[in-house]
Amino acid sequence: MELLKSTRSIQTEPEVTTAAPPSALHNIERCAERPYIIKNYMPKFQENISLAKFTHYKIGGRARFFFEAKSEKDIAWAIKEAKKRKLPIFILGAGTNMLIADDGFNGLILRPNLQKLTIKKDSAMVGAGVLMSDLVKATAAKSLSGLEWAGGLPGTFGGAVRGNAGCFGCETKDTIISVRSFDIKAMKFIERTGKECAFGYRHSIFKKKNGNEIIVSASIKLEKGDKKAITKAIREKIDHRKKNHPLEHPNAGSIFKNVPLAVLYKKKSDQYKKALHASTISLKGSTFSIKTDPFPVISAAKLISETGLRGVSFGGAMISPKHPNFIVNVLNAGSPDVKNLMILAKAEVHKKFDVQLEEEVQMI
Ligand SMILES: Cc1cc2nc3c(=O)[nH]c(=O)nc-3n(C[C@H](O)[C@H](O)[C@H](O)COP(=O)(O)OP(=O)(O)OC[C@H]3O[C@@H](n4cnc5c(N)ncnc54)[C@H](O)[C@@H]3O)c2cc1C
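Quick summary incoming for the structure in this document. Not measured: the values here are computed from a predicted model.

Structural notes on the overall build of the chain
And then number 1: For the chain, the count of helices and strands is 11 helices and 23 strands.
And then number 2: Contacts in the chain between residues far apart in sequence, at least 24 positions, make up 65% of those at least 6 positions apart.

What about the site of the ligand?
And then number 1: Around the ligand, the structure places 32 residues, and the nearest of them are Gly93, Gly155, Gly158, Gly159 and Gly253.
And then number 2: Counting only elements with at least two residues in the shell around the ligand, the list comes to α5 (157-163), β9 (166-167) and β13 (213-221).
And then number 3: The greatest single-element share of the shell around the ligand, amounting to five residues, is contributed by α5.
And then number 4: Among the residues forming the shell around the ligand, the class breakdown is 15 nonpolar, 16 polar and one charged.

Thoughts on helix α11 (residues 335-353)
And then number 1: Here α11 is 19 residues long and its end C-alpha atoms lie 27 Å apart, about the 27 Å a rise of 1.5 Å per residue gives.
And then number 2: Inspection of α11 places Ser335, Pro336, Asp337, Val338, Asn340, Leu341, Met342, Ala345 and Val349 among the buried residues, and these make up the whole buried set.
And then number 3: Those residues of α11 hidden inside the fold are in contact with β4 (98-99), α10 (300-306), β20 (313-314), β21 (317-319) and β22 (327-329).
And then number 4: Positive phi appears at Asp354, one or two residues downstream of α11, with a value of about 60°.

Regarding the sheet that holds β20
And then number 1: The sheet built from three strands is open, its strands ordered β20-β21-β22 with antiparallel pairing. In this open sheet, the two edge strands, each paired with only one partner strand, are β20 and β22.
And then number 2: Across two bridges, the pairing between β20 and β21 is antiparallel. Bridging from a neighbouring strand, Phe314 pairs with Ala317 of β21.
And then number 3: Strand contacts of α11: β20, β21 and β22, with the helix running at about 25° to β21, the strand carrying the most contacts.

A few points about the sheet that holds strand β1 (residues 46-50)
And then number 1: Taken together, four strands build an open sheet; the order of strands is β1-β2-β5-β3 and the sheet is mixed. The sheet is open, and its two edges are formed by β1 and β3 (89-91), each paired on a single side. Taking the axes of each pair of neighbouring strands and ignoring which way they run, one obtains an average angle of 40° across the sheet.
And then number 2: One ladder, built from four bridges, connects β1 with strand β2 (residues 62-69); its direction is antiparallel. Note that in β2 the partner of Ser50 across the bridge is Arg62.

Details of the pairing of strand β5 (residues 105-112)
And then number 1: Taken across its eight residues, β5 has six buried, putting it largely inside the fold.
And then number 2: In this sheet, β5 lies alongside β2 in parallel orientation, the contact comprising six bridges. Within the sheet, the bridge partner assigned to Glu68 lies in β5 and is Arg111.
And then number 3: Of the pairings in the sheet, the one linking β3 to β5 comprises three bridges and is parallel in character. Within β5, the position partnered with Ile89 by the bridge is Leu108.

As for unusual backbone geometry
And then number 1: Even without being a glycine, Arg202 presents a positive backbone phi close to 50°.
And then number 2: As for its placement among the helices and strands, Arg202 is situated in the loop between β12 (188-193) and α6 (205-208).
And then number 3: With 20 C-beta atoms packed within 10 Å, Arg202 lands in the buried category.
And then number 4: Positive phi values are uncommon outside glycine, yet Asn210 reaches one of about 55°.
And then number 5: Take Asn210: it is sitting in the loop between α6 and β13.
And then number 6: Look at Asn210 and you get exposed, because 7 C-beta atoms sit within 10 Å.

Quick look at the pairing of strand β17 (residues 286-289)
And then number 1: When strand β16 (residues 280-283) meets β17, the two strands line up antiparallel, connected through four bridges. Opposite Ile281, over in β17, you have Phe288 as the bridge partner.
And then number 2: Hairpin connection, β16 to β17: the antiparallel pair is bridged by two residues, and Lys284 has positive phi, about 45°.

Rules used throughout
Residues numbered from 1 in each chain as written. Predicted model: local features only at pLDDT ≥ 70, side-chain atom pairs only at ≥ 80, totals over all residues. Helix = DSSP H or I, 4+ residues; strand = E, 2+ residues; numbered from the N terminus. Contact = placed C-beta atoms within 7 Å. Near = placed C-beta within 6 Å. Nonpolar A, V, L, I, M, F, W, Y, C, P; charged D, E, K, R; others polar. Expected span 1.5 Å × (residues − 1). Buried ≥ 20, exposed ≤ 12 C-beta atoms within 10 Å, placed from the backbone. Pairing = 2+ DSSP bridges. Axes fitted to C-alpha atoms, helices over the stretch in contact; angles between N-to-C directions.

Spatial relationships are all this shows, so hold off on functional conclusions.
Pasting the structure below:
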């Protein structure tokens, strides 16, 4: 197995920025009575921006260009501008599921930071940039049930829709009515129903489009509930995460997806049918609990744990002893440090269990 070379470097240069306020297009309208401002007032990309501070991992080099879009107009403008300059484009949410290379990104990093949140009687319209924690809090405050499962889920709403984030047996797709996105190739906004988004396990049509669609907002359905019960359920999820996740170190959540029984066994086999009715299965002498996530899976963390890799480190990164599906940044880790541990975990799990782990974390 070939391990990558650790090329950790400490970033010391100051940031150069040519920033103008990101929502400049709106301001142009607002400043119509002051034409001398309009003349010099255009949105601009920031340059040479360190991405480490925009990721939960605190890992990543610099973006050649960086732009924080606060409106649909901003998004359309930025994409047009990037195309004009022939720049590769990458969409970044809160960076909670990202491993960015130490070399950075030689193109435009676009953050769709649309913050509009309109809560109605039994639904809400949510901008892609709204943090899940804010959404969960705001809907609970209005006694609306449906998002309790997302208590403590980091990241933006847009990121959650794109990856169909889920936990505790629920997924983002469960509440989605429709999603509005911007198609980078066609240069137009599109509306899709939840069904048309083709959601699957940590999957959606947006993931399949491979960065060519930017989620800008979505409408979700909720239902009236008891505020106390909703708040208690959210608190339980947050407490569970605090207890079980190594939140004391920068991380990107689960590195690998849990493994569905449907991947372990042929779907029509007797083994599969038997496993569907069992609470545990045995693989190469190890016993695995079957979790509902929301369909039957075995835990990637347990697979890694059974290979004896808990606590193994490379450079500044470590396979968490607390939760081995987390690779934590314990000491200024670089991207290759994390990647080496990913390669190691995949190889050891494959060798021991003949199971191929699949990455959940997104890498650029
Ligand atoms: C401590 C911790 C616990 C976690 N627990 C869970 C969990 O229980 N379940 C779970 O599913 N995930 C979990 N995650 C992973 C992460 O929180 C989710 O995947 C989250 O939804 C990612 O959102 P983000 O805004 O941070 O996206 P980012 O990490 O910034 O981006 C992730 C991907 O989404 C794309 N993306 C982001 N925003 C948009 C947009 N508006 N339009 C199009 N594409 C976009 C990016 O291009 C990238 O490919 C956890 C992460 C951490 C750090």
